[in-house]
Amino acid sequence: AYVQNGGGGVYDAIPSSLARRSTRMTSHVAAAAADAPSATADQLFPPNLRGVFAGSGVEAFSDPSMAEVILGLLPPDKKEEKRMASVNVLYLGTATYDLPLYRAKQTQCFVERGCAVHALDVANFGDSETTGSDDRSQDYASAVEQADIIIVSGGNTLYAVDRWNHVGLTPLLRRAMERGCIMTGGSAGAICWFDSGHSDSMDAESYRHAMLQEQAPAQAGSDKKTVSCSSSFDASRGDVKKEWKYVRVPGLGFVPGLVCCPHHDLTQSNGVLRATDFDAMLLRTAVGLHKSTPTVVGLGIDHYAALVVEGENRYRVFTFEGKPGSVSHDGRSLSMDKHGKPTGRPGIWIKRVAAVEDAAENDSDGNDPDEDAGSGKEKKKRFVIEAKVIPTEGKLQDIILADGDDTSLTTGITRQTFFGDGHDSGVDVDVENMEQVELCRKENPSS
């Protein structure tokens, strides 16, 4: 059953400030969101979709067990040890600006298994982009077409997706997905495949200039710099919170119908637990839709968990043995300590916004509200988050549909873009979020 207004203690009604903010939205914003495309469950997911979408980037993909999971999705004729040399792994390090250290960390396990690993560097052409574009396009197409597995690094999601759109990589990636290429990644490398995602792309430490400068000593041979795709915060050791906000960013939409939140159980350098902020983000989106029954659905992937999509819309949950997560021992509530650290086991949460009616109270004249049921007076509605841990295996559409909700199969499931047309020019239903996205693009330009 879903946990509603309880469990982890973070599923509350929207604050009044959010409701007030929504009234400042213009009518064309609401209209753009209302026209978002939808599809039935059977049509929603591409039939050849296969991939692994992890809560962490470097930590997940530097673990040999993750490589085993990914290689296990290969066709039978390529799974044999003697055929590993014929497996082409393509690494896209755009989200970490093609830095070699991140590539080495996230592909070493595949190198050790004998796979042919190649990198497609598209992050840093700069002023030379206007020359040789045709040759580069052919190089991109050739690299993507030959890939059996594509790994996207963690890092700055917004920069990576914008950059791929700018250089024309996005349609090549879609064709790869449609032919059955295994699409993988953690952190930003997970978000990018979904409709949209809960991202730390506003963290200035993930900006291009900061990361290139910060990694310079390590590139020169120093081992002092820790390679990680996300920041962390620990109140117990006296860490000072940094001033930045999580932001909802657009993805490629290959795994439609969901907003993705990696590091779901992690508190990053801004001192805010992602699980808590993710709930607030989903609620803000619902307010912006101006609908009494909004269809806003999110997937929270713990740091040490991954969603494995095996084809034919079947999935299973992979978790790293012995690692902590947000799922309580009974599997029904969020398990975090007072410092925001996970104390349970890793897992994946499905979260949806639901509209509920508050119990009516007697009015100032003492009248019974039941007597006014037919008077046309509207009961007060509020939005809440319904959340539950997804089963360890099943069908993708089963985790999107509410329990017993057969009507969604015919009425359609809304794409979770909420950026108007889903591209740069789209209008976001959350005005403040769109402003933050544009600020990110200004401060960390991808072109």
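The structure presented is a predicted model; accordingly, all values stated were derived computationally and were not measured.

Caption draft 1: Up close: the overall build of the protein. Check the secondary structure of the protein and you find 16 helices and 17 strands. Within the protein, counting contacts between residues at least 6 apart in sequence, those at least 24 apart form 79% of the total. Carbon and sulfur atoms form 48% of the exposed surface of the protein, whose accessible area is close to 19400 Å².

Caption draft 2: How the structure looks around the confidence of the model for the protein. Model confidence for the protein is summarised by a mean pLDDT of 81, while 73% of its residues fall at 70 or above. For residues 421-426, every residue scores under 50 in pLDDT, and the model assigns this stretch ten contacts once sequence neighbours within four places are set aside.

Caption draft 3: Quick look at the packing of aromatic side chains. Taken as a whole, this structure holds six aromatic pairs when the rule is applied. Between F53 and F194 the ring centres are 5.6 Å apart and the planes differ by 75 degrees, which places this aromatic pair in the edge-to-face class. Of this pair, F53 sits in strand β3 (residues 50-54) while F194 is found in strand β8 (residues 194-199), placing the two residues 141 residues apart along the sequence. This pair shows no difference in class: F53 is buried, exactly as F194 is. Among the aromatic residues, those joined into a cluster by ring pairs are Y304, F318 and F320.

Caption draft 4: Structural view of helix α16 (residues 431-443). Relative to the 18 Å expected for 13 residues at 1.5 Å per residue, α16 spans 18 Å between its end C-alpha atoms, a close match to the ideal helical length. In this structure, the buried residues of α16 make contact with α9 (157-167) and β9 (247-250).

Caption draft 5: Broad picture of the pairing of strand β14 (residues 348-357). The buried count for β14 comes to eight of ten residues, which makes it a mostly enclosed element. Here β14 pairs with strand β15 (residues 381-389) via nine bridges, running antiparallel. The residue bridging W349 from the neighbouring strand is V389, located in β15.

Caption draft 6: Here's a closer look at the sheet that holds strand β4 (residues 88-92). Here we have eight strands laid out as an open sheet, ordered β5-β4-β6-β7-β3-β12-β13-β16, and mixed in their pairing. Two strands lie at the open edges of the sheet, namely β5 (116-119) and β16 (393-395), each paired on one side alone. Looking at each pair of strands side by side, their axes are set apart by 20 degrees on average, direction ignored. Here helix α10 (residues 170-178) sits on the sheet and contacts β4, β6 (149-152) and β7 (182-186); the angle it forms with β7, its principal contact strand, is near 120 degrees.

Caption draft 7: Geometry of the side chain of N433. Its place among the elements puts N433 in helix α16. With relative accessibility at 2%, the residue N433 sits in the buried group. Of note is the side chain of N433, whose polar atom sits 2.8 Å from the backbone nitrogen of R248.

Reading the values: the criteria
Residues numbered from 1 in each chain as written. Predicted model: local features only at pLDDT ≥ 70, side-chain atom pairs only at ≥ 80, totals over all residues. Heavy atoms only, no water. Helix = DSSP H or I, 4+ residues; strand = E, 2+ residues; numbered from the N terminus. Contact = heavy atoms within 4.5 Å. Areas by Shrake-Rupley, 256 points an atom, 1.4 Å probe, with all protein chains shown as cover. pLDDT = per-residue confidence, 0-100. Phe/Tyr/Trp six-rings, centres within 6.5 Å; stacked < 30°, edge-to-face > 60°. Buried < 20%, exposed > 50% of the residue type's maximum accessible area, 1.4 Å probe, protein only. Expected span 1.5 Å × (residues − 1). Pairing = 2+ DSSP bridges. Axes fitted to C-alpha atoms, helices over the stretch in contact; angles between N-to-C directions. Polar contact = N/O pair within 3.5 Å; in protein donor to acceptor, adjacent residues only side chain to side chain.

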